[in-house]
Amino acid sequence: MNRKTLFLLLGVLALLSCGEDKKDGQLLGSIEQVWQLCEVSLPEAEARAEALEDSVQKASELVRQKYSLLTIRLRDKRGMIPSSPDSARQMMSYFEGRKNTTDKERA
């Protein structure tokens, strides 16, 4: 493989990885909006969270964990008692290792 082809391939890979970061950033912003919305309109927040579900499953671990935390929050707002503490424990251990204090406190 010559140098031009290698640089072109690296450039394409860099562009593709930036697209994923942008998508994750948009999803994280949407998750935060739903988090705030659940304080105002729980039914609307639940509908918006459900609309994000498919996109979140294809996203980064951070996005998936924040979405899981959001779904626990929404169930809690409905007064639904968790059937198992395992998902909450997993999220707590995930967010313990992160720098963001807001995420730690929410978990």
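Things to note about the confidence of the model for the protein chain
Right, so step 1: Confidence in the prediction of the protein chain, expressed as mean pLDDT, is 81, and 81% of residues score 70 or more.
Right, so step 2: Across the protein chain, element-level confidence peaks in helix α2 (residues 42-57) with a mean pLDDT of 94 and bottoms out in helix α1 (residues 3-37) with 69.
Right, so step 3: Between residues 6-19, whose pLDDT stays under 50, and residues either more than four places distant or in other chains, the model counts 1 contact.

Focus on the nonpolar core
Right, so step 1: Counting 20 residues, the largest nonpolar core has Ile31, Leu52, Val56, Tyr67, Leu70 and Leu74 as the members making the most contacts within it.
Right, so step 2: Those elements that provide at least two residues to this core are α1, α2, α3 (61-77) and α4 (86-96).
Right, so step 3: A per-element tally of this core places α3 first, with 6 residues.
Right, so step 4: Those residues in contact with Leu74, other than ones at most four positions away along the chain, are Cys38, Leu42, Ala45, Glu46 and Ala49.

What counts, and where the lines are drawn
- Residues numbered from 1 in each chain as written.
- Predicted model: local features only at pLDDT ≥ 70, side-chain atom pairs only at ≥ 80, totals over all residues.
- Heavy atoms only, no water.
- pLDDT = per-residue confidence, 0-100.
- Helix = DSSP H or I, 4+ residues; strand = E, 2+ residues; numbered from the N terminus.
- Contact = heavy atoms within 4.5 Å.
- Core = buried A, V, L, I, M, F, W, Y, C linked by side-chain atoms within 4.5 Å.
- Buried < 20%, exposed > 50% of the residue type's maximum accessible area, 1.4 Å probe, protein only.

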